[in-house]
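# Observations on chain architecture
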Amino acid sequence: QQGMLWMSSPACTEVEIRTLEWLRQALGLPACFAEGGPGGGVIQDTASSAVLACMIAARDRATNGRARTDGLHSVGKPVTVYASADAHSSVIKAARLCGIGDAQCRLVPVNDRREMDVEALRNLVERDMEAGAIPAFCCATVGTTGCGAIDPVDAIAQVCQSHGLWLHVDAAWAGTAALCEEFRDSVVQGAHRADSWCFNPHKWMGVNFDCSCLWLADLAPLIEAMSITPEYLRNDSTDSGAVVDYRDWHVQLGRRFRALKLWLLIRCTGIAAIAEMVRHHVHLACWLETQVNASELFELAVPRSLGLLCIGHLDGDEATQRVLDAVNDDGRFAVTHCRIGKSLVMRVAIGSLAVEAVHVESLWARISQEVSS
């Protein structure tokens, strides 16, 4: 399938529209993202592409299109973007790619729960405005890469709306948890005040890579930023204004039929079964959390976030690294690491489709064995 235009593949386009609307409702995302209004959804390849597309739209909206037509130099003022110090590196990369640059990408401090400090954000934005800059974009993260922290989206939205920033929510990993009503409030809080909201079904929902779902409350700025219509793409369907041409919703022109695998998962497995899988994973993470809390040698560097735990050895980084290496060398497990502050931690993310209690119990046994050996 070549889904760049509705005309090139009506089925590709229509299945994507309907499937994303099913998924929006299943996640409990607000009606501002629903099809048929000013907003809607599109499947990107990854959350990195989503943040780039939205940052470009935000840059153009903040500069009234001058950055798009005449280049950033014509604006005469620096354009600034914001994300927490724990946000994914794709925010900085997007700032580079759309001409804003590292120097104008503000990394906002986090609190002791590793959430974006809202007052620090407000102070940075106001300081930049006083200095003559144009604050354009802010990325709030629901489930940071390192430890799964959830930024206070609703409070961040207040700052963004007060100062005219585009608010993008990156829920790449944690977004799937909104399929469970008991986790939904924390995952979609503040979404009704966001300009865009994104999550990756290929992370925790079981869709094979790549598949990233992006919803926008108002499509116009994105389409205006991305749309170029040479003669060879003109057709009656597009000219009618009655169809969706997804080529205008992201950087690339050609696109694959990513909606089909998402449609099949929903139809063949079902939302209820996927939600039950998420609950099972969180239950296993709670069991492991109990073992760590009862241990005299290990601790959680930050509170457990859904199915993610950050475990550190009380003897410090060298001991943590030794355990981390032993677990990965075992061959049965794959864990990663990050730093919480200055401390090294072992990241245990429970989210594989096939993971069961015996696997998590074996992991803890291997960790304990390394300590006792």
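Helix and strand counts for the chain stand at 14 helices and 11 strands. Taken over the C-alpha trace, the chain has a radius of gyration of 22 Å; the compact-globule value for 373 residues is 21 Å, and the two agree within 12%. On the principal axes, the C-alpha backbone points of the chain span a range of 70 × 55 × 35 Å. Looking at the chain as a whole, 55% of its 373 residues qualify as buried. Put simply, the chain shows about 16000 Å² of open surface, and 51% of that area lies on carbon and sulfur atoms. Once the 32 positive and 44 negative side-chain charges of the chain are each reduced to a mean point, those two points are 4 Å apart.

A cis amide bond links F209 to the next residue, D210, at an omega of 5°. Its location among the elements puts D210 in the loop between α8 (201-204) and β7 (212-216). Within the chain, L306 stands out as a residue other than glycine whose phi angle is a positive 55°. Here L306 is to be found in the loop between β8 (298-300) and β9 (308-313).

Turning our attention to helix α7 (residues 181-188). Structurally, the α-helix is built with 3.6 residues per turn, so residues lying three or four positions apart point the same way. Within α7 the residues assigned to the buried category are F183, R184, V187 and V188. Taken down its axis, α7 places every buried residue within 120° of arc, on the same side. In this structure, the buried side of α7 is in contact with α1 (10-27), β6 (196-199) and α12 (271-294). Backbone geometry just downstream of α7 places G190 in the positive-phi region, at approximately 80°.

For the chain, the mean per-residue pLDDT works out to 93, and 99% of the residues sit at or above 70. The least confident element of the chain is helix α10 (residues 236-240), whose mean pLDDT is 81; the most confident is strand β5 (residues 166-170), at 98.

Taking burial as the measure, the eight residues of strand β4 (residues 134-141) include eight buried ones, the bulk of the element. Direction of pairing for strand β2 (residues 79-84) relative to β4: parallel, over a ladder of five bridges. Residue V79 lies in a different strand from β4, and its bridge partner there is I134. As paired strands, β4 and β5 are joined by five bridges and run parallel to one another.

Moving on, we get to the nonpolar core. One broad trend across soluble globular proteins is that nonpolar side chains are buried collectively. With 98 residues, the main nonpolar core has F137, W197 and W215 as its most contacted residues. At 10 residues, helix α2 (residues 47-62) tops the list of elements feeding residues into this core. Residues A285, F298, L309 and V327 belong to the second largest nonpolar core, which totals 21 residues.

What follows deals with the sheet that holds strand β11 (residues 343-349). The four strands are arranged β8-β9-β11-β10 in an open sheet whose pairing can be described as antiparallel. Each of the sheet's edge strands pairs with one partner strand only, and the pair in question is β8 and β10 (336-340). If you compare each strand with its neighbour and ignore which way they point, the axes differ by 40° on average. By the bridge criterion, three bridges tie β8 to β9 in an arrangement that is antiparallel. When the bridges of β9 are listed, L300 appears paired with I311.

Let us look at the packing of aromatic side chains. Centre distance and the angle of the planes are the two values used to describe a pair of aromatic rings. Scanning the entire structure with this criterion turns up six aromatic pairs. Between the aromatic rings of W173 and W204, the centroid separation amounts to 5.5 Å while the plane-to-plane angle is 10°, which identifies the pairing as stacked. Of the two residues, W173 sits in the loop between β5 and α7 while W204 sits in helix α8, which places them 31 residues apart along the sequence. Residue W173 is classed as buried on the basis of its relative accessible area, which comes to 17%. For the ring pair W197 and F199, a centre distance of 6.2 Å and an interplane angle of 50° mean the geometry is tilted. W197 gets classed as buried once you look at its relative accessible area, which sits at 1%. For F199, a relative accessible area of 0% puts it in the buried group.

A word on the side chain of T176. Inspection of the secondary structure puts T176 in the loop between β5 and α7. Ignoring any residue separated from it by four or fewer positions in sequence, one finds T176 in contact with L27, F199, N200, W204, M205 and V278.

Take the environment of V207 next. Position of V207 relative to the elements: it lies in the loop between α8 and β7. Look at V207 and you get buried, because its relative accessible area is 6%. As for V207 and A47, which are separated by 160 residues in sequence, their C-alpha atoms are 14 Å apart. In contact with V207, not counting residues within four places along its chain, are P201, H202, K261, L262 and L265.

What counts, and where the lines are drawn
Residues numbered from 1 in each chain as written. Predicted model: local features only at pLDDT ≥ 70, side-chain atom pairs only at ≥ 80, totals over all residues. Heavy atoms only, no water. Helix = DSSP H or I, 4+ residues; strand = E, 2+ residues; numbered from the N terminus. Rg over C-alpha atoms; globule rule 2.2 N^0.38 Å. Buried < 20%, exposed > 50% of the residue type's maximum accessible area, 1.4 Å probe, protein only. Areas by Shrake-Rupley, 256 points an atom, 1.4 Å probe, with all protein chains shown as cover. Lys, Arg positive; Asp, Glu negative; His and termini not counted. Charge placed at Lys NZ, Arg CZ, Asp CG, Glu CD. Arc of directions from axis to C-beta. Contact = heavy atoms within 4.5 Å. pLDDT = per-residue confidence, 0-100. Pairing = 2+ DSSP bridges. Core = buried A, V, L, I, M, F, W, Y, C linked by side-chain atoms within 4.5 Å. Axes fitted to C-alpha atoms, helices over the stretch in contact; angles between N-to-C directions. Phe/Tyr/Trp six-rings, centres within 6.5 Å; stacked < 30°, edge-to-face > 60°.

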